[in-house]
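A structural walkthrough
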Amino acid sequence: IDSLLNEYCTDGRLKIFKRSAVLSCRLEGKKVKHVRIVDLDSGKMTEFACRFLIDATELGDMLPLLSLD
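Residues numbered from 1 in each chain as written. Predicted model: local features only at pLDDT ≥ 70, side-chain atom pairs only at ≥ 80, totals over all residues. Heavy atoms only, no water.

Quick word on the pattern of salt bridges
Here the structure, examined in full by the defined rule, presents five salt bridges. With a shortest N-O distance of 3.2 Å, Arg 26 and Glu 47 are connected by a salt bridge. Linking Arg 26 in strand β1 (residues 20–28) with Glu 47 in strand β3 (residues 45–49), this pair joins segments that are 21 residues apart in sequence. Using a relative accessible area of 45% as the deciding quantity, one classes Arg 26 as partly exposed. (Salt bridge = Lys/Arg side-chain N within 4 Å of Asp/Glu carboxyl O. Helix = DSSP H or I, 4+ residues; strand = E, 2+ residues; numbered from the N terminus. Buried < 20%, exposed > 50% of the residue type's maximum accessible area, 1.4 Å probe, protein only.)

Observations regarding the layout of surface pockets
Approximately 1,100 Å³ is the volume found for the largest pocket. At the level of secondary structure, the elements contributing two or more residues to the lining of the largest pocket comprise α1 (2–10), β1, β2 (31–39) and β3. A class-by-class count of the residues in the lining of the largest pocket yields 18 nonpolar, four polar and eight charged. (1 Å grid on protein atoms, 1.4 Å probe; cavity = no way out; pocket = protein on both sides within 12 Å on 5 of 7 lines; lining within 4 Å. Points joined across faces, edges and corners; volume = space filled by probe spheres on them. Nonpolar A, V, L, I, M, F, W, Y, C, P; charged D, E, K, R; others polar.)

Quick word on the pairing of β2
In terms of strand pairing, β1 meets β2 through eight bridges, oriented antiparallel. Looking across to β2, one finds that Ala 21 is bridged to Val 38. Where β2 meets β3, five bridges bridge the pair, whose relative direction is antiparallel. Its bridge partner lying in β3, His 34 is registered against Ala 49. Once β2 ends, the chain turns through five residues before running back antiparallel as β3, passing Gly 43 with a positive phi of about 80°. (Pairing = 2+ DSSP bridges.)

Right, dumping it as C-alpha coordinates:
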(Lines give C-alpha, C1' and ligand atoms only; values in the text may rest on other atoms or scores of the structure.)
Protein backbone atom coordinates (compact mmCIF):
# COMPACT_ATOMS: atom_id res chain seq x y z
CA ILE A 1 0.00 0.00 0.00
CA ASP A 2 2.95 2.33 0.61
CA SER A 3 3.90 2.27 -3.07
CA LEU A 4 0.31 3.04 -4.09
CA LEU A 5 0.12 6.06 -1.80
CA ASN A 6 3.71 7.31 -2.21
CA GLU A 7 2.81 9.84 -4.94
CA TYR A 8 0.23 11.49 -2.66
CA CYS A 9 2.60 11.58 0.32
CA THR A 10 5.48 12.96 -1.75
CA ASP A 11 3.51 15.90 -3.08
CA GLY A 12 1.95 16.67 0.32
CA ARG A 13 -1.65 15.65 -0.38
CA LEU A 14 -1.56 12.83 2.18
CA LYS A 15 0.13 12.25 5.53
CA ILE A 16 0.34 8.81 7.07
CA PHE A 17 1.14 8.51 10.76
CA LYS A 18 2.42 5.01 11.45
CA ARG A 19 3.17 3.78 14.96
CA SER A 20 1.07 6.55 16.46
CA ALA A 21 -1.78 6.61 18.93
CA VAL A 22 -4.63 9.09 19.08
CA LEU A 23 -4.82 10.92 22.40
CA SER A 24 -7.85 13.08 21.72
CA CYS A 25 -10.01 14.52 19.01
CA ARG A 26 -12.35 17.49 18.70
CA LEU A 27 -15.57 17.41 16.77
CA GLU A 28 -17.54 20.09 14.98
CA GLY A 29 -21.01 18.67 14.77
CA LYS A 30 -20.44 15.04 13.88
CA LYS A 31 -17.17 15.63 11.99
CA VAL A 32 -13.67 15.15 13.36
CA LYS A 33 -11.83 18.44 12.84
CA HIS A 34 -8.78 18.23 15.12
CA VAL A 35 -6.73 15.26 16.26
CA ARG A 36 -3.90 14.98 18.77
CA ILE A 37 -1.55 12.02 18.42
CA VAL A 38 1.62 10.70 20.01
CA ASP A 39 4.42 8.95 18.12
CA LEU A 40 4.92 5.64 19.91
CA ASP A 41 8.65 5.57 19.20
CA SER A 42 9.73 9.15 19.96
CA GLY A 43 6.94 10.31 22.28
CA LYS A 44 6.50 13.43 20.16
CA MET A 45 2.96 14.82 20.24
CA THR A 46 1.34 16.36 17.19
CA GLU A 47 -1.98 18.15 16.87
CA PHE A 48 -3.46 18.89 13.50
CA ALA A 49 -6.63 19.90 11.74
CA CYS A 50 -8.00 17.41 9.26
CA ARG A 51 -10.50 17.43 6.44
CA PHE A 52 -10.60 13.63 6.28
CA LEU A 53 -9.57 11.04 8.83
CA ILE A 54 -9.17 7.33 8.22
CA ASP A 55 -8.93 5.09 11.25
CA ALA A 56 -6.83 2.21 9.94
CA THR A 57 -6.54 0.45 13.29
CA GLU A 58 -7.57 -3.16 13.63
CA LEU A 59 -10.30 -2.47 16.18
CA GLY A 60 -11.54 1.05 15.43
CA ASP A 61 -9.53 2.73 18.18
CA MET A 62 -10.98 6.16 17.36
CA LEU A 63 -14.60 5.22 18.09
CA PRO A 64 -14.46 5.49 21.91
CA LEU A 65 -12.99 9.01 21.59
CA LEU A 66 -15.76 10.34 19.38
CA SER A 67 -18.91 10.17 21.56
CA LEU A 68 -21.29 10.51 18.60
CA ASP A 69 -24.52 10.33 20.59
